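Notes for the structure review
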Amino acid sequence: MRVVEKTVDELTRDEARDEVEALTTRILELRDAYYSRDTVLDDDATYDALVRRLEAIEHLFPELQSQDSPTQTVGGRAETTLFAPVEHAERMLSLDNVFSADEFADWAAKVERDAGRPVRLLCELKIDGLALNLRYERGLLVTAATRGDGRVGEDVTQNVLQVAGIPQRLAGDPSELPDLVEVRGEVFIPKVAFDELNALQREAGEREFANPRNAASGSLRQKAEGKNDEQLARMRDRLSRLRMLVHGIGAWPNPPVSAQSEVYGLLERWGLPISTHFRVHDSAAGAAEYIAYHGEHRHDVEHEIDGVVVKVDELALHGELGATSRAPRWAIAYKYPPEQVNTKLLDIVVSVGRTGRATPYAVMQKVRVAGSEVRQATLHNQDVVKAKGVLIGDTIVLRKAGDVIPEVLGPVVELRDGTEREFVMPTNCPECGTALRPAKEGDVDLRCPNARSCPAQVRGRVEHIGSRGGLDIEALGEVSAAALTQPDVPSIPPLQTEAGLFALTIDDLLPIEVVVTDAETGLPKLEADGSARRRTPFRRNPSAAEKKQGLDGPQPSSAALTLLDELEKAKSKPLWRLLVSLNIRHVGPVAARALADWFGSLDAIRAASLDDLSAVDGVGSIIAEAVLDWFTVDWHVEIVDRWAAAGVQFSTPGHAGPGAAAAAGGVLAGLTVVATGSLDGFTREGAQEAIIAAGGKAASSVSKKTDFVAAGPGAGSKLAKAEELGVRIIDAAQFAILVTEGPDALPPAPPAG
């Protein structure tokens, strides 16, 4: 994102349009990382600022607001490569935020004004965890699902069954229990359990969790398939540390209660875990006191909190006040400001990522902030270091922005003693020695151009291959990628590029040694003789029983066997996953799916022209050029050739060739359909995939060539365009019929006018 130079009311319409596009792209990128990959790319405060600026621009230029805007949608994704999708019986909305006492007072005043009478407000702590939906039918737990995009979430039922305190059967008289009810709440890991879990991670040489929310989400979103006994035991241990507190109900039209506070009593009688920290206040002033108190005592409770949720207590008012497309008007989240602490800046080191970007990081004296211990923080680039005015050796002000990402604010100049020194950005890559340079003229960020063999870039690409968005290889994470690409012994690493990944053997893995680092300082642990302590992640000594059977010498560890087994299975993963794993610029999951569905094989993609590639819906000229450029690099081609030689399948079984999906005689063959707004039963990408699977073209804009527009709540300019052109408009139920039975199964179109 570029630095904002103008206030919203100073923007021209063209400037506003460009900024809306940039803001939307960045917000969706941050959302995807947070909700789908349990990763935080930027701090909460920055994310909130981006959303608030987008809201302000859309308010001033309403014609720029689309139905897919982040301001109109819940902040998660329904699509998952890990768990089966589950459709919620009733939507799970998000919450709007306020950040100050004045903003909260304005919200409360508007609620009373719209209600036409004084309202009682229920206040509860905002748990820093993972939203979960429990579906009970006649008192029995049927499914447990994450929120996802609010309509469709991930089925995590099997894991939830191992979370203490969640009943599989509701208490009480079965005849008095509803036929269907959804119970909403938050899964979290208590602070004590979080500290214990990270201690175990350190002992195992694994990466520590950045915060309790990541620990809770990462623990709940695990798959048991493919794990050995040791891994299953660790998975069960992590799940056993989780807890849940419930705070609401859904999909129950007429509950026998009249207030949100009574809902808690009902949930407790059913045997569900509820918070003891909620309070009901007769006025906004009482709620403000509750907010202020817990802002001062936010670390006094058993779990991390990032604010307070305030709800109108009277349930009848919920319906009267209503909701936007993403959040109820009868509730608000008050978010606390980030905490700040002082610590010592020990050093500034430069790290190189998979794209070659060289990023300075602050290495600090370990300090506890916002509930967790921190010793590193990104400084982005050399200009940021200079702008912040920090020197190595400074006492610095650190905040855990949004209670998630540590950020260096600046130095405490008064405490300098003259021993501090200035940071100098290296001119050469710290990992391979290649001269750093900007990617293009005018860029502030420096990059290492040695993409082929820079260990840092190879390591990053290998880790990306194993990610959920790539080949989803659990055993190929950060630790394994580092071991494979840069062993800490003076020898040639098994992988000098990712080309040899699928040809790895036990003999390649057994010799690998890595240096053990200290969790407190990040520096290598030393042996008695002063040498670095090392460990062998892929080999172990034979057990006594194995020795009795005649086995002698180093044996493969469970990590080695699991990695090779998962790599073998990955050879037959879908083509789109392989395309993502090739690290082609601009080719993410959406573009990869479009290319794979249209062409059916990598050979067909390589043989296609720029026009052929650009014509694929969802691709376009920029991605098409990136694909063609990628195949002009000899070591890129070597990756494909060596993967294919190792047995990787670069084709979709049964695919008849380019365009086959559209020409296969599906019920939508020859038809163009635009899906817009929120369609019940479909995510945005799911709707597009349904059109393509039925043989139709999933277009992104409405024209005279459009045959149908499927429109749901939140449809904007596309709906207006369809009405202008006289294109037939259908709802979600009719869309479901269209993609399964074809246009002839639809009821007659209503008469014009």
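Look up a bit, the structure's there.
These lines cover the structure that appears in this document, whether it is placed above or below. (Residues numbered from 1 in each chain as written. Predicted model: local features only at pLDDT ≥ 70, side-chain atom pairs only at ≥ 80, totals over all residues. Heavy atoms only, no water.)

1. Details of the environment of Ala745
Within the fold, Ala745 resides in the segment after helix H26 (732-741). A residue is classified by how much of its surface remains accessible, and Ala745, at 34% relative accessible area, is partly exposed. Sequence separation between Ala745 and Arg53 is 692 residues; the distance between their C-alpha atoms is 45 Å. (Helix = DSSP H or I, 4+ residues; strand = E, 2+ residues; numbered from the N terminus. Buried < 20%, exposed > 50% of the residue type's maximum accessible area, 1.4 Å probe, protein only.)

2. A look at the environment of Gly654
Along the chain, the position of Gly654 falls in the loop between helix H22 (634-645) and helix H23 (660-663). In this structure Gly654 comes out as exposed when scored by relative accessible area, which is 83%. Separated by 161 residues in the primary sequence, Gly654 and Pro493 have C-alpha atoms spaced 38 Å apart.

3. With respect to the environment of Val739
One can find Val739 in helix H26. We classify Val739 as buried; its relative accessible area is 11%. For the pair formed by Val739 and Gly389, sequence separation is 350 residues and the distance between their alpha carbons is 59 Å. Aside from chain neighbours lying at most four places away, what touches Val739 is Val667, Leu668, Phe682, Ala690, Ile691 and Ala694. (Contact = heavy atoms within 4.5 Å.)

4. Details of empty space enclosed by the protein
One pass over the structure, following the stated rule, counts two cavities of 30 Å³ or more. Size it by volume and the second largest cavity reaches roughly 30 Å³. If you go around the second largest cavity, the residues you meet are Val86, Glu87, His88, Asn133, Arg135, Thr143, Ala145 and Glu182. Broken down by secondary-structure element, the contributors of at least two residues to the lining of the second largest cavity are strand S1 (85-87), strand S4 (130-137) and strand S5 (140-146). (1 Å grid on protein atoms, 1.4 Å probe; cavity = no way out; pocket = protein on both sides within 12 Å on 5 of 7 lines; lining within 4 Å. Points joined across faces, edges and corners; volume = space filled by probe spheres on them.)

5. Looking at helix H9 (residues 284-296)
Between its first and last C-alpha atoms H9 spans 19 Å; for 13 residues at 1.5 Å apiece the expected length is 18 Å, and the two agree. Residues of H9 that are buried: Gly286, Ala287, Tyr290, Ile291 and His294. Along the axis of H9, the buried residues cluster in a sector spanning 145°; they form a single face. Counted as exposed and oriented over 90 degrees from the buried face of H9: Glu289 and Glu296. Against helix H3 (101-115), strand S3 (121-127), strand S9 (279-281), strand S10 (305-312) and strand S11 (331-335) lie the buried residues of H9. (Expected span 1.5 Å × (residues − 1). Arc of directions from axis to C-beta.)

6. Quick look at the packing of aromatic side chains
For the structure shown, the criterion picks out eight aromatic pairs. On the basis of an interplanar angle of 5° and a centroid distance of 6.4 Å, the ring pair of Trp643 and Phe650 is categorised as stacked. One Lys or Arg, Arg593, reaches over the ring of Trp576 and ends 4.1 Å from the middle of that ring. (Phe/Tyr/Trp six-rings, centres within 6.5 Å; stacked < 30°, edge-to-face > 60°. Lys NZ or Arg CZ within 6 Å of the ring centre and 35° of its normal.)

7. Considering the pairing of strand S23 (residues 672-676)
Counting buried residues in S23 gives four out of five residues, a clear majority hidden from the surface. Pairing geometry for S23 and strand S24 (residues 697-699), over three bridges, is parallel. Across the sheet, Val674 pairs through a bridge with Ala699, a residue of S24. (Pairing = 2+ DSSP bridges.)

8. Notes on the sheet that holds strand S8 (residues 243-250)
Across the sheet, which stays open at both edges, the four strands sit in the order S5-S4-S7-S8 with antiparallel pairing between neighbours. Here the strands that pair on one side only, and so sit at the sheet edges, are S5 and S8. Sheet twist, expressed as the mean angle between neighbouring strand axes with direction ignored, is 30°. Where S4 meets strand S7 (residues 180-188), eight bridges bridge the pair, whose relative direction is antiparallel. Residue pairing across strands places Arg135 opposite Glu182, the latter belonging to S7. (Axes fitted to C-alpha atoms, helices over the stretch in contact; angles between N-to-C directions.)

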